[in-house]
Amino acid sequence: MTCLLCDKSLDDQPTWQHFLGIQEDTSACPTCLVKFERIDQVIEDDRLDSVHSLYAYNEAAREYLHQFKFMQDVALAQIFSPSLRSVLNDSKKIVVPIPMHPINKRKRTFSQVDALLEAAKIPYQSLLEKTTESVMGEKSRSERLAMTELFRVTADIDSNEAIYVLVDDIYTTGTTLRHAAEALKQRGVHRVEAVTLFRPMREK
């Protein structure tokens, strides 16, 4: 078996952690994984009850997302499966992926957030539909903040009292997640949290 990031052979010798069931199989080598900076940053605002970002958006993260999303290397969804399971493995919460607009999804051939969740074997509910083709990464900060409704709820809300967890690949200004949270709260949901794989770290 080879590392999905550098193609070097992975050391598949069993360890005592494997025998005890506390070490998960990995699809990337330690040399590649160490390039991703784990931050576990949690913030709150008026619409999102919490946002948990797992890794800093550094050079390794940029290269990963380019290869995964734009070069359509779907196998890379496996890289962060253990990390996502560690924060989303709660049967009491309803996981909701941030969707792509159908036209953009056809162009890319897959939804990166759905792929991440499926690779991690995390059950989810597709409750939202994106109403615009525009991509947040192509807009300025002021354009993002000025946008009107980005999502609509397309399925029944099973329980307004449940905690709904939005999942996206990257948190930038938070506009996307806030619009998604607002769409759910307008349907009566009381608490909306979010988990993102990456978040840019700004200098203080």
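For the structure, see preceding data.
Residues numbered from 1 in each chain as written. Predicted model: local features only at pLDDT ≥ 70, side-chain atom pairs only at ≥ 80, totals over all residues. Heavy atoms only, no water.

Caption draft 1: Spatial organisation of the overall build of the chain. Broken down by element type, the chain carries eight helices and seven strands. Across the chain, contacts joining residues at least 24 apart in sequence account for 72% of those joining residues at least 6 apart. Accessible area for the chain stands at about 11,400 Å²; split by element, carbon and sulfur atoms hold 48% of it. (Helix = DSSP H or I, 4+ residues; strand = E, 2+ residues; numbered from the N terminus. Contact = heavy atoms within 4.5 Å. Areas by Shrake-Rupley, 256 points an atom, 1.4 Å probe, with all protein chains shown as cover.)

Caption draft 2: How the structure looks around helix H4 (residues 81–88). Ser81, Ser83, Leu84 and Leu88 are the residues of H4 that are buried. An end-on view of H4 places all buried positions within 160 degrees of arc, on one side of the element. Those residues of H4 that are buried are in contact with strand S1 (38–43), strand S2 (50–56), strand S3 (93–97), helix H6 (112–119), strand S6 (163–170) and strand S7 (191–199). (Buried < 20%, exposed > 50% of the residue type's maximum accessible area, 1.4 Å probe, protein only. Arc of directions from axis to C-beta.)

Caption draft 3: Representation of the sheet that holds S6 in the model. Ordered in space as S1-S2-S7-S6-S3, the five strands form an open sheet in which the pairing is mixed. Here the strands that pair on one side only, and so sit at the sheet edges, are S1 and S3. Averaged over all neighbouring strand pairs, the angle between strand axes comes to 20 degrees, with direction disregarded. As defined by bridge partners, S6 adjoins S7 across seven bridges and the pair is classed as parallel. Note on S7: the bridge partner recorded for valine 167 is valine 195. Relative to S7, helix H3 (residues 59–70) is tilted by about 100 degrees, and along the sheet it contacts S2, S6 and S7. Sheet strands in contact with H4 are S1, S2, S3, S6 and S7, and its direction is about 160 degrees off that of S2. (Pairing = 2+ DSSP bridges. Axes fitted to C-alpha atoms, helices over the stretch in contact; angles between N-to-C directions.)

Caption draft 4: Broad picture of the pattern of salt bridges. Going through the model one piece at a time under the given rule, you end up with nine salt bridges. Its salt-bridge partner being arginine 191, residue aspartate 49 comes within 4.0 Å of it at the nearest N-O pair. Taken together, the positions of aspartate 49 in the loop between S1 and S2 and arginine 191 in strand S7 put the pair 142 residues apart, joining distant regions of the chain. For the salt bridge of arginine 191 with glutamate 193, the shortest nitrogen-to-oxygen distance reads 2.8 Å. In this structure arginine 191 comes out as partly exposed when scored by relative accessible area, which is 31%. We classify glutamate 193 as buried; its relative accessible area is 11%. Sharing partners across several salt bridges, the network here consists of Asp49, Lys93, Lys185, Arg191 and Glu193. (Salt bridge = Lys/Arg side-chain N within 4 Å of Asp/Glu carboxyl O.)

Caption draft 5: Region of the structure containing unusual backbone geometry. Not every positive phi belongs to a glycine, and glutamine 72 is a case in point at roughly 60 degrees. Here glutamine 72 lies in the loop between H3 and H4. Judged by its relative accessible area of 36%, glutamine 72 is partly exposed. In the Ramachandran plot, lysine 121 falls in the positive-phi region, its phi being about 60 degrees despite a non-glycine side chain. By secondary structure assignment, the location of lysine 121 is in the loop between H6 and strand S4 (128–130).

Caption draft 6: Here's a closer look at the side chain of serine 27. Its location among the elements puts serine 27 in the loop between helix H1 (16–20) and helix H2 (30–33). The class for serine 27 is buried, based on a relative accessible area of 5%. Contact partners of serine 27, with chain neighbours within four places excluded, come to Met1, Thr2, Cys3, Leu4, Leu10, Gln78 and Ile79.

Caption draft 7: How the structure looks around the packing of aromatic side chains. Counted according to the given criterion, the structure contains 12 aromatic pairs. Ring centres 5.0 Å apart and planes at 90 degrees place the aromatic pair tyrosine 64 and phenylalanine 80 in the edge-to-face group. Pair noted here: tyrosine 64 is in helix H3 and phenylalanine 80 is in the loop between H3 and H4, with a separation of 16 residues, a long-range link. As far as burial versus exposure is concerned, tyrosine 64 and phenylalanine 80 are alike and both buried. Note on phenylalanine 80 and phenylalanine 198: the rings are 5.6 Å apart at their centroids and 90 degrees apart in plane angle, and the pair reads as edge-to-face. With phenylalanine 80 in the loop between H3 and H4 and phenylalanine 198 in strand S7, this residue pair connects regions lying 118 residues apart in the sequence. An identical accessibility class is assigned to phenylalanine 80 and phenylalanine 198; each is buried. Over the aromatic face of tyrosine 55 sits the side chain of arginine 38, whose NZ or CZ is 5.3 Å from the ring centroid. (Phe/Tyr/Trp six-rings, centres within 6.5 Å; stacked < 30°, edge-to-face > 60°. Lys NZ or Arg CZ within 6 Å of the ring centre and 35° of its normal.)

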